[in-house]
Amino acid sequence: MSAEIISIIAVLVAGLSALYARWAVREAKKANELNRFKALLDLKSGYIAEMNNQMKAAKDWGKDDSFAQACRDKFAEAEIKYREVCKELDIYHSRLVKNEI
């Protein structure tokens, strides 16, 4: 009789362990998605700051020379990357909202 009780308890513990493992995997996926979303938001903020810095530098310089052109080129590069990050954010946002984290 005691062997049967031990085996029943072992089955129950194994079942609970499997449920916990499944829950842990699901929560880890959510955490990874949120971390990726946060990183993209940080990148977006960084590109906005870069664009503002380049605009300010070109404006402060005030001349239409190679420095001002370099500032405009850097601004354009940052804007392209900013738009790419925004596209990724849109994808992640819809995924996160759809999953209702």
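Quick note: structure is the one above.
Draft legend 1. The arrangement of the packing of aromatic side chains in detail. Taken as a whole, this structure holds one aromatic pair when the rule is applied. When the centroid spacing of 5.7 Å and the interplanar angle of 35° are considered together, the rings of tyrosine 20 and tryptophan 23 count as tilted. Highlighted residues: tyrosine 20 and tryptophan 23, both in helix 1 (residues 2-61), separated by three residues, approximately one helical turn. Look at tyrosine 20 and you get exposed, because its relative accessible area is 54%.

Draft legend 2. Summary view of the pattern of salt bridges. A full pass over the atoms with the stated rule returns four salt bridges. When the shortest N-O distance is used, the salt bridge between glutamate 27 and lysine 30 registers 3.6 Å. Taken as a pair, glutamate 27 and lysine 30 lie in helix 1 at a separation of three residues, close to a single helical turn. On the basis of relative accessibility, which here comes to 31%, the residue glutamate 27 falls in the partly exposed class. In this structure, glutamate 88 and arginine 36 form a salt bridge, with 3.5 Å as the shortest nitrogen-oxygen distance. On the criterion of sequence distance, the pair formed by glutamate 88 in helix 2 (residues 66-99) and arginine 36 in helix 1 is long-range, its members being 52 residues apart. Here arginine 36 falls in the partly exposed class, since its relative accessible area comes to 38%.

Draft legend 3. Geometry of the nonpolar core. Core analysis: the biggest nonpolar cluster contains six residues, these being Phe37, Leu40, Val85, Leu89, Tyr92 and Leu96. Listed by contribution, the elements that provide at least two residues to this core are helix 1 and helix 2. No other element matches helix 2, which puts four residues into this core.

Draft legend 4. Broad picture of the environment of alanine 58. The residue alanine 58 is located in helix 1 in this model. Spatially, the C-alpha atoms of alanine 58 and alanine 68 are 4.8 Å apart, while their sequence positions differ by ten residues. When sequence neighbours within four positions are dropped, the list of residues in contact with alanine 58 reads Ala68 and Cys71.

Conventions and cut-offs
- Residues numbered from 1 in each chain as written.
- Predicted model: local features only at pLDDT ≥ 70, side-chain atom pairs only at ≥ 80, totals over all residues.
- Heavy atoms only, no water.
- Phe/Tyr/Trp six-rings, centres within 6.5 Å; stacked < 30°, edge-to-face > 60°.
- Helix = DSSP H or I, 4+ residues; strand = E, 2+ residues; numbered from the N terminus.
- Buried < 20%, exposed > 50% of the residue type's maximum accessible area, 1.4 Å probe, protein only.
- Salt bridge = Lys/Arg side-chain N within 4 Å of Asp/Glu carboxyl O.
- Core = buried A, V, L, I, M, F, W, Y, C linked by side-chain atoms within 4.5 Å.
- Contact = heavy atoms within 4.5 Å.

Coordinates in, geometry out; function isn't part of it.
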